[in-house]
Structure formats: C-alpha cells, structure tokens
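# Close look at the chain arrangement
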There are 2 protein chains.
Amino acid sequence: MFKFAAQYENQPMKRDLSTEEKIKAAAKKVFMTKGFDGCSVRDIAKEVGSNVSLLNYYFRSKEKLFELIFEGAMSDFLQSMIEVFSSDLTLKEKTTLLIEKEFDFFLEHPELPMFILQAIHQNKSGAPMPSHFFEPIAKTGIFQQLEAAQASGEIRQISLRNVTILLMSNVHYPFMSKKLTQQFHGIDAETLDQDLRAHKAYVKEMLINFLFPQNQTV
Amino acid sequence: MFKFAAQYENQPMKRDLSTEEKIKAAAKKVFMTKGFDGCSVRDIAKEVGSNVSLLNYYFRSKEKLFELIFEGAMSDFLQSMIEVFSSDLTLKEKTTLLIEKEFDFFLEHPELPMFILQAIHQNKSGAPMPSHFFEPIAKTGIFQQLEAAQASGEIRQISLRNVTILLMSNVHYPFMSKKLTQQFHGIDAETLDQDLRAHKAYVKEMLINFLFPQNQTV
DNA sequence: AGAAAAATTAAACGATTGTTTAAATTTTGG
DNA sequence: CCAAAATTTAAACAATCGTTTAATTTTTCT
C-alpha cells in the first residue's frame, strides 16, 4: 500500500531523512534558478540523482514541494527584520543595523529577493499570503516604536508604508538587478560584488540622513 | 505552400495588420502577467480569440514572439532615461526630471519593471542582451557629464555604477513589490497607488540630497 | 469573374508535463 | 531471521506542450 513519508504520519518513525533533505535542497536550488514554471519535477529528480516518483512520495505534488521551499525562503527573507526589530535599540540604531544585516545576508543569498517577489507576483492560487508570515514582525512592536518616534520628532513625518518601501527598495533591488547591472555596465560578477559591498554604506548614510534629518550628535 | 506574414517577406504587401497587432497585444498581456514559462501559446491564442497556428504563422515560434514583446518592453523601460539624458540640463536637474518621469510612467505601467528583471533573470539562452539596448544611453553622453560633475564637485564622489543602482532601486522596486507591499500592510490597490504617488517626492528629495550634498542655492 | 496569394482553421504530430500504479528493494522490529 | 513496513524504482497514465501539416476561407489583383 502507498504511504506517505515519516513527517506526515501521526507516529513518525526515526528514519534516515537524508533523502528527504536532499530533495528539498535540490528543489530549492532548481526552483530558485528556474522558477516554479521554468522547471519540471524531472529536473529536480535529476538534481537529486534519483527517481521522479520520490518527489511525490515525500511531498505529494510539485506544488506542495514548492510551497514548502517558498515558506522556508520567506522565513529567511524576513529573519533579519524580526531579529533587529526585536532588539532593544532606538529606531535609528535599528535602521542602521537592519541595513547592515540585510546586505550581509543578501550578499550570501542574492537570489532570494527575486525568488520571493517573483513567487508573490505570479501567485497562481491568488490566495493572500498566510498572516503568520507577517505577524511576527507586527509583534516586535516596531510599528508602535515608529509612531512614538514620529510623535517625538526623532524620525521624519512619513508613513510607515513609505518607510518600508524605501528600506526594501534599497536593500532588495540591488540584488534582484545583478544580471541587469552586470550587462548594463559590462562588468564581471566579482566587480559587481565589490560595488554591492560599497553600496551598503551609501544606503545606510542616505536613508539615515533622510529619515532622521536633524542629525544632532548632542 | 507555407509562407510567413508580410513583414518577413522581401516585398511586403499592404495588408490588414490588425490580426498581427492583436496577437502582439494579447501576447504582451499574457507574457506580462504569467511570464514566458507560465503560459502556453494556447493561452495567448485564446486571448486573441483565434487559432494556435496563427501565432506561428505570424511569429514562427513562442520564443520569437516573446523576444519581440521583450524588446518592445525593454525599449519602453529605457525610454525615460534616453529622453532625460539627451536633454540640455544639469546633472541635478536631470536626476529630478528622471525620477519624475519614471514614476509617472511606471504608475501607468507598473508591471514593466518586474517583467524586464524577470526576463533577464531567467534568460534561458544565456546570451547577453544585445548591445543596441544600452548603446543609446551611452550615446547621450551622460557618463561624461557625470565624470565632469564629479571633477567639479557638483556631485558626490560615488561610482557611476552605484549611482545607477541607487536610482533604479528607488524607481523600479516600489512597483515590483506592489503585491508584497499590499499584503504586508493589508491595504487595497488604490491606497497603495496613493502611497506610490507620495513616494515620488520622497525619492526625489532623498536622492538629490544624497547625491548633491552641498545644496548651495547661490 | 476567376485564378493566385494570403489568412485562418482544424487536426494531428511527437515530446514532455505532473502524477499514479505496481513491482522491487531496503530497512525495521520482533 | 523473517515478515512487515518503508523506501526506491520502472513503467505507464492522461493531459498538455510547441509546432507542423493540410485543408479551407478570405483577400488580392488582373
């Protein structure tokens, strides 16, 4: 009889999970580079070095497998925000730290922002993203902190949403546009990475100066 | 015998091009929303309200049709740059005008930045983009103007490439992330469009202040 | 009006898609 | 050690993919 893998059963058995993990790793790699529509389950199976049916055995369907990969990616994608927003810092300090961490993270995982935005953009089901993705951010109290900072005049009068767009624009797009930038300027990958490392400082200075205008060091 | 449509022949005949244009319009719509891999030629044919073979009759293949749509989109994508850079203005004026025009344009065509970056990102052939896309920009002399502005101290010491990334980040990403932003903040499309119209002013002020630090109005 | 050319359609092509079935192999637990 | 369970494989499923063929309709030009 056909049975699904360990983690879907009520009484999971201790098993070698390496196959399942290998499939997840392969799926992540293939989905990230080719996209959901741009690859077949056989592409993933070939990357695993194994049979197609194994994917359905462990993950039921291509769609389910993708959702799993997407949720993991989304978690990584938001991780820095949650960490920084949860810390005990001023808004200005948090902004600096966030830019710092996001750049460091995306320098190591440059394909993530494009993967996330692309998946959301072509979300086939049309279903909105589960709220549990964004709830952890709201729970950090960052929104209240921003409201308070506006009341006290620490930060410029600007809507939370515009702040978000400014931040994300400057920390996500540079990595989403790597290929475009390379071809536009005719440079190699290493040169661009140097530019991106330098870019971190520019973004920090620009955003801090814009969002926290009166730079009183007193 | 099988013959290809008018514009591919040596001696084109005057013909009703409305069908060909209808296919291009449908293809643009479908490719923009679903992506090359996310749609079938039958999706496009259905959008046209006609037969599948017509697409191959006029455009030889799905890939050729896509290339045509992509080139048109790329042309639109770069149009504002070429116009502004060709004008007879100072660098600061050009920066302001470019942001203004890009925002106005992408407010009307918000799906364009994602389409372009996504197409470049998953470029199957691996071939670099034809140089005729970017040449018109170089020919405006904008690069020399920027070098001169750096020498004279009009603009901050920052590489041309970092300037480009800063500009593109702030004028492209806000439209690429529309769905993410909407779901993140739980707002409707109209509210977000208001935010984006307001965002234009923020981006202008922020980038001008950063790139042209000594704001001497003398 | 009538023959030639162009446009459009219907049908089919082989290849590939995601998924399922059933058999074979390996691992587990008594 | 051996039956039962879990894992892996090979093969096939119907559906859809991009494309082509051939027939039909429409348009063009004399």
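Right, let's walk through the structure included here. (Residues numbered from 1 in each chain as written. Chains lettered and ligands numbered in written order. Predicted model: local features only at pLDDT ≥ 70, side-chain atom pairs only at ≥ 80, totals over all residues. Heavy atoms only, no water.)

It is worth spelling out the interface of chain B and chain A at this point. Opposite the 54 residues of chain B that make contact, chain A presents 54 residues. Of the roughly 5,200 Å² buried between chain B and chain A, counting both surfaces, carbon and sulfur atoms make up 67%. Sorting the residues of chain B by area buried against chain A places R161(B), Y173(B) and F184(B) first, and these three jointly supply 15% of that buried surface. Scanning the region where chain B abuts chain A turns up 4 salt bridges. Close ionic contact of R161(B) with D195(A) constitutes a salt bridge, the shortest N to O distance being 2.4 Å. For the side of chain B that touches chain A, the secondary structure elements donating two or more residues are α1 (18-34), α4 (62-86), α6 (112-121), α9 (160-176), α10 (178-185) and α11 (189-211) of chain B. (Contact = heavy atoms within 4.5 Å. Buried area = accessible area lost by both parts, 1.4 Å probe. Salt bridge = Lys/Arg side-chain N within 4 Å of Asp/Glu carboxyl O. Helix = DSSP H or I, 4+ residues; strand = E, 2+ residues; numbered from the N terminus.)

Right, let's talk about the nonpolar core for a bit. One recurring pattern in soluble globular proteins is that nonpolar side chains are buried together. By size, the foremost hydrophobic cluster in this structure holds 136 residues, and its most contacted members are F31(A), F70(A), M74(A), F31(B), F70(B) and M74(B). If near-sequence neighbours (up to four positions away) are discounted, M74(A) is found in contact with I116(A), I120(A), M129(A), F133(A), F134(A) and L180(B). (Core = buried A, V, L, I, M, F, W, Y, C linked by side-chain atoms within 4.5 Å. Buried < 20%, exposed > 50% of the residue type's maximum accessible area, 1.4 Å probe, protein only.)

Right, let's talk about the relation of the copies chain B and chain A for a bit. Under the fitted operation, chain B is carried onto chain A by 0.0 Å of movement along the axis and a turn of 180 degrees, and the coordinates agree to an RMSD of 0.0 Å. This pairing of chains is accounted for by a two-fold axis. Comparing contact sets, 100% of the residues at the interface of chain B also lie at the interface in chain A, consistent with an isologous, same-surface contact. (Least-squares fit on C-alpha atoms with pLDDT ≥ 70 in both.)

Let us look at α11(B). The first and last C-alpha atoms of α11(B) sit 32 Å apart over 23 residues, in line with the 33 Å expected at 1.5 Å per residue. Taking the largest bend as the criterion, α11(B) deviates by roughly 25 degrees, centred on A198(B). (Expected span 1.5 Å × (residues − 1). Bend = angle between axes of the 7 residues up to and from the residue.)

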